[in-house]
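Take a look at the letters that make up each chain.
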Amino acid sequence: MRGVPKGASGCQRNPLGSGKERFGRCSRLLKADDFKTVFSRPRKSVDDCFTVLACANTQKHPRLGLAIAKRQVRSAVARNRIKRVIRESFRRHQSLLPALDIVVLARRGTEAKGNAELFRSLQGHWSRLGRRCAG
RNA sequence: AGAGUCGGCCAGGCAGUCGCUGUGCCGGUUGGCAUGGAGGAAAGUCCGGGCUCCACAGGGCAAGGCGCCAGGUAACGCCUGGGGGGCGAGAGCCUACGGAAAGUGCCGCAGAAAAUAUACCGCCUAAGCACAUUGGUGCCGGUAAGGGUGAAAUGGUGCGGUAAGAGCGCACCGCGCCGGUGGUAACACCGGUGGCAGGGUAAACCCCGCCUGGAGCAAGACCAAGUAGGGGAGCAAUGCGCGGCCCGCGCAGCUUCCGGGUAGGUUGCUUGAGGUACACGGUGACGUGUAUCCCAGAUGAAUGACUGUCCACGACAGAACCCGGCUUAUCGGCCGGCUCUCCAC
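Residues numbered from 1 in each chain as written. Chains lettered and ligands numbered in written order. Predicted model: local features only at pLDDT ≥ 70, side-chain atom pairs only at ≥ 80, totals over all residues. Heavy atoms only, no water.

## Focus on the overall build of chain A
Along its length, chain A carries three helices and four strands. Ordered by position in the sequence, the α and β elements of chain A form the string α-β-β-β-α-β-α. Taken across its 135 residues, chain A has 39% of its residues classed as buried. For chain A, the share of sequence-separated contacts (at least 6 apart) that also reach a separation of at least 24 residues comes to 79%. Total accessible area on chain A stands at roughly 8,000 Å², and carbon and sulfur atoms take up 49% of it. (Helix = DSSP H or I, 4+ residues; strand = E, 2+ residues; numbered from the N terminus. Buried < 20%, exposed > 50% of the residue type's maximum accessible area, 1.4 Å probe, protein only. Contact = heavy atoms within 4.5 Å. Areas by Shrake-Rupley, 256 points an atom, 1.4 Å probe, with all protein chains shown as cover.)

What follows is the structure, given as structure tokens:
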């Protein structure tokens, strides 16, 4: 384990292999380069809660990255809440998604929304991206 | 019982399902099991330290902070106890609380005058001069008691004194000085004595005393792999750095010789001025001893989501090297000390 990056240990495996809804390190975007590629040629899905960017990756499974800016969401508690909701929703729905790298950005109004509303919004984003990127 | 005041504590609970992450054990791997997983402010970054690197040869000038006394502490601008002053009926609360006869500045409006004093309305006419000569009138003057202005007007009250007045004199209070007593001290009390010296402002400059190197975990250390970074010697001038400036010192530049570094990862990274219990010392902050416990350590960043249920219907708010404080935000609830008022006995 010495000298080997933490995230590289299990990333060859498919996180859906066990059939459970897991969300380990290899289901996340870890490097700045990963984010750059998504930002450079994204497919967008926007509503008044989130802006969701996605592009196809070389893995066998989707990966998630979060970009909740301090500018958009001032309170640290609110930022944590939004991130947790996004991860939870991704975890639940990742089996339905193709092999995409996804970046979720917060919008100015995100802080005011309740958890249920955020979950509803995210569900819409997942199905939209799934349909668009599959074909 | 009500009102108030001070101090301390808690920060939704329980159950189920699905997750994230640290550690330990098992396992060939996927993984499994066990166990730990935000706060009283984690916040603001306002002080003080530890830790790390740089500068550590010092000097001068600046700059900043602090400011009743004693203690506590690693240290502090913090805390505790005490003193002075102010507020409150009281418990209690507030206090930037050294120096204004070292110097400089400022003091709006009003007011005569805001500081080497001065005289608006007033008061007086004793002494001197002139006129009249019966009281008187004017000049030369005296005075600051009274009025008025102001936040503030050259001690306060009373008696004497006087032409009217004035620390001019006296008593008490205040102020300064001296001595004594108590107290570690700040200071308090008592006695004597002096004479009216002197406005306020030092979170205005300033003076006095004390304190202060610079940067910060993206500090710094280590590891693996390619493209020119490091060390030694010589050289004139320029730039940069050592918090600022002047010395002073160092580095960069050019020539020459010798050997190897930044993007990623590991570490620093949580055992500590540590918590809990008891005993002892101390008015207290706190200290000492013994026993016992290990109590977040992420790094695109964990500590959660959903459902059910109960109630008082859940505020402010999220660790990022670590501690000690301060300040600010906060739905509500609980406990205790003390004070005042009312009722009953």
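## Thoughts on the sheet that holds strand β3 (residues 63-67)
Strand order in the open sheet made by the four strands is β1-β2-β4-β3, with mixed pairing throughout. The sheet terminates laterally at β1 (43-46) and β3, the two strands that pair on one side only. Across the sheet, the mean angle from the axis of one strand to that of its neighbour is 20°, orientation sign disregarded. With four bridges connecting them, β1 and strand β2 (residues 50-56) associate as antiparallel partners. Paired with S45 across the two strands is V52, which belongs to β2. (Pairing = 2+ DSSP bridges. Axes fitted to C-alpha atoms, helices over the stretch in contact; angles between N-to-C directions.)

## Examining the pattern of salt bridges
The final tally for this structure, using the stated rule, is three salt bridges. Residue R63 is joined to D101 by a salt bridge in which the shortest nitrogen-to-oxygen separation is 3.0 Å. Taken together, the residues R63 in strand β3 and D101 in strand β4 (residues 100-106) connect sequence positions 38 residues apart. The pair R63 / D101 is uniform in exposure class, with both members buried. Across the pair R91 and E88 runs a salt bridge whose closest N-O atoms are separated by 2.6 Å. Of the two residues, R91 and E88 both sit in helix α2 (residues 76-93), three residues apart, roughly one turn of that helix. Among the charged side chains, a salt-bridge network with shared partners connects E88, R91 and R92. (Salt bridge = Lys/Arg side-chain N within 4 Å of Asp/Glu carboxyl O.)

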